[in-house]
Amino acid sequence: MKNTALSHIHSSLGAKMVPFAGYNMPVQYNGINAEHDTVRKAVGVFDVSHMGEFILKGENALDLIQRVTSNDASKLYDGKVQYSCLPNEDGGIVDDLLVYRMDDKTYMLVVNASNIEKDWNWISKFNTNGVDMKDISDRTSLLAIQGPKAADALQSLTDIDLGSMEYYTFNKGKFAGVDNVVVSATGYTGAGGFEIYCDNAHAEHIWNAVFEAGEPFGIKPIGLGARDTLRLEMGFCLYGNDIDDTTSPLEAGLGWVTKFNKEFTNSAALQAQKTAGVAKKLVGFKMIERGIPRHDYEIVDEEGNVIGKVTSGTQSPSLQIAIGMGYVNNAFAKEGSEIYIKIRDNKVKAEVVKPPFK
């Protein structure tokens, strides 16, 4: 089991540590609901250093990215970030990822922790034109500092004007006295905030500086448990749950990052699927009757016929109702459709709603 550069700090703070994607990670410190509330209302800090980072450099870096990702990376400019997918050759998704344009010949790809080796091998397979690829995952730490007070809490640590940064842009500069830190206006909580990429050697210093600067704003450490409930309230996909090697980006509602103005892996087949229409769709739903939906629970119609399955579910800390996501037959995908979740052999009524959940 790997540790991040900050694992010892999480343990000293009394975090409940669990194995996650090969890493020893904090799932919670003082309770998921309280941590969730901190991020929605103030500011919290996640150690997400388990994520993977690749640098792609050279004349043909953009060409390689264009061939392996579904979104159109030619639209990027220096300092811009893009959400995208790595489609496989069978209609599914190798991974979802972020693409950072550092300059016109240098890009950083940020991939899911559980897929680092898989993604590296996949992209390398298509690297036929000599792009210089470096896996910097093991030497890079990543803090996600999320919440409506994040900019105010962090501004004293940097000359970068955090308040004016647009969503999905980044700057590289001095942060907490450390040079060459990437400060990115991204995150997977829907609460706003920033992600800070730095060398492992500086991670503890930056963590301590962030908590000192953020103290007047009620800053707290947040575990992966609240990260999951926060992303689910927004309807953001989690790889391995809501999307995987068998789910099409079009079925998953990721048509907005699937651009057919270029050729990419399996683009012709996905274009045909778009034209024909998908047979199932990923939807959000809220429970009308009492019960918590869980991953892999069956979704059925009123007669009890199986029409899909749950991919993610929880009791929403913000809304105090049970919510979930899952794939259903197209006929049941419309907002307002009545569906049922099979919970311990009981049919429990739910309604299809459009995320983010409100």
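What counts, and at which threshold
Residues numbered from 1 in each chain as written. Predicted model: local features only at pLDDT ≥ 70, side-chain atom pairs only at ≥ 80, totals over all residues. Heavy atoms only, no water. Buried < 20%, exposed > 50% of the residue type's maximum accessible area, 1.4 Å probe, protein only. Helix = DSSP H or I, 4+ residues; strand = E, 2+ residues; numbered from the N terminus. Arc of directions from axis to C-beta. Contact = heavy atoms within 4.5 Å. Pairing = 2+ DSSP bridges. Axes fitted to C-alpha atoms, helices over the stretch in contact; angles between N-to-C directions. Salt bridge = Lys/Arg side-chain N within 4 Å of Asp/Glu carboxyl O. Disulfide = S-S within 2.5 Å. Phe/Tyr/Trp six-rings, centres within 6.5 Å; stacked < 30°, edge-to-face > 60°. Lys NZ or Arg CZ within 6 Å of the ring centre and 35° of its normal. Parallel < 35°, antiparallel > 145°, perpendicular 65-115°, else oblique. Left-handed = near helix turned anticlockwise from the far one by under 90°. Nonpolar A, V, L, I, M, F, W, Y, C, P; charged D, E, K, R; others polar. Lys, Arg positive; Asp, Glu negative; His and termini not counted. Polar contact = N/O pair within 3.5 Å; in protein donor to acceptor, adjacent residues only side chain to side chain.

**Section: helix H2 (residues 32–41)**
Buried within H2 we find Glu35, His36, Thr38 and Val39. Each buried residue of H2 lies within a common arc of 155° when the element is viewed along its axis, so the set occupies one face.

**Some details on the environment of Asn330**
Relative to the helices and strands, Asn330 resides in the loop between strand E17 (322–329) and strand E18 (338–343). In this view, Asn330 contacts Val278, Ala279, Lys280 and Lys281; residues no more than four positions away in its chain are not counted.

**A look at helix H4 (residues 116–125)**
Those residues of H4 lying buried are Ile116, Asp119, Trp122 and Ile123. Each buried residue of H4 lies within a common arc of 135° when the element is viewed along its axis, so the set occupies one face. The secondary structure elements touched by the buried residues of H4 are strand E4 (52–57), helix H3 (61–68), strand E5 (81–87), strand E6 (93–103), strand E7 (106–111) and strand E8 (132–135).

**With respect to the sheet that holds E8**
If you trace the 5 strands from one edge of the open sheet to the other, you get E5-E6-E7-E4-E8, paired in antiparallel fashion. Looking at which strands have only one partner, the edges of the open sheet turn out to be E5 and E8. When strand polarity is set aside, the average angle formed by the axes of neighbouring strands in this sheet is 25°. Where E6 lies against E7, 6 bridges are found, and the strand directions are antiparallel. Its bridge partner being in E7, Leu97 is matched across the sheet by Val111.

**Regarding the pattern of salt bridges**
Evaluated as defined, the whole model comprises 15 salt bridges. With a closest N to O distance of 2.7 Å, Arg101 and Asp78 form a salt bridge. With Arg101 in strand E6 and Asp78 in the loop between H3 and E5, this pair connects stretches of sequence that are 23 residues apart. By relative accessible area, which is 17% here, Arg101 ends up buried. Across the salt bridge formed by Asp104 and Lys105, the nearest N and O atoms sit 3.6 Å from each other. The exposure class of Lys105 is partly exposed, given its relative accessible area of 31%. Among the ionic contacts, a cluster of salt bridges with common partners joins Glu59, Asp104 and Lys105.

**Quick look at the state of the cysteines**
Applying the stated criterion across every chain, the model contains 0 disulfides. Cysteine Cys237 shares no disulfide, and the gap to the nearest cysteine sulfur, in Cys85, comes to 8.1 Å.

**Considering the packing of aromatic side chains**
Where two aromatic rings form a pair, the distance of their centres and the angle of their planes describe that pair. Per the counting criterion, the structure on display carries 9 aromatic pairs. Ring geometry for Phe260 against Phe264: centres 6.0 Å apart, planes inclined by 25°, an arrangement best described as stacked. Through a chain of ring-to-ring contacts, three or more aromatic side chains come together here, namely Tyr100, Phe170 and Tyr197. Directly above the ring of Tyr327 sits Lys280, whose terminal nitrogen or CZ lies 5.1 Å from the centroid. Stacked on the ring of Tyr340, the Lys or Arg Lys347 has its end atom at 4.9 Å from the ring centre.

**Digging into the packing of H2 against helix H7 (residues 224–234)**
Contact geometry of H2 with H7 gives a least axis separation of 8 Å together with a crossing angle of 55°. The orientation of H2 with respect to H7, classified from their angle, is oblique. H2 and H7 meet at a crossing whose hand is right-handed. Residue-level inspection shows Ile32, Glu35, His36, Val39 and Arg40 of H2 in contact with H7, the latter providing Gly225, Ala226, Thr229, Leu230, Glu233 and Met234. By residue class, the composition of the contact of H2 with H7 is 5 nonpolar, 3 polar and 3 charged.

**Observations regarding the pairing of E5**
Taking burial as the measure, the 7 residues of E5 include 7 buried ones, the bulk of the element. Every second residue of E5 is oriented toward a common face, with Val81, Tyr83, Cys85 and Pro87 on one face and Gln82, Ser84 and Leu86 on the other, all of them buried. Bridge count between E5 and E6: 7 bridges; the pairing is antiparallel. Paired with Gln82 across the strands is Val99, a residue of E6.

**Here we look at the sheet that holds strand E19 (residues 346–353)**
Picture the strands of a sheet paired through backbone hydrogen bonds; they go either parallel or antiparallel. Spatially, E14-E17-E16-E15-E18-E19 is the arrangement adopted by the 6 strands of the closed barrel, whose pairing is antiparallel. Strand after strand, the sheet turns through a mean of 45° between neighbouring axes, direction not considered. Here H7 sits on the sheet in contact with strand E16 (306–315) and E17, set at roughly 130° to E16.

**Quick word on the side chain of Glu195**
Its location among the elements puts Glu195 in strand E12 (residues 193–199). Buried within the structure, Glu195 lacks any salt-bridge partner; its nearest side chain of opposite charge belongs to Arg227, at an N-O separation of 4.8 Å. Within polar-contact distance, the side chain of Glu195 engages the side chain of Thr186 at 2.6 Å. Those residues in contact with Glu195, other than ones at most four positions away along the chain, are Leu98, Tyr100, Leu142, Leu143, Ala144, Gln146, Val182, Val183, Ser184, Thr186 and Gly187.

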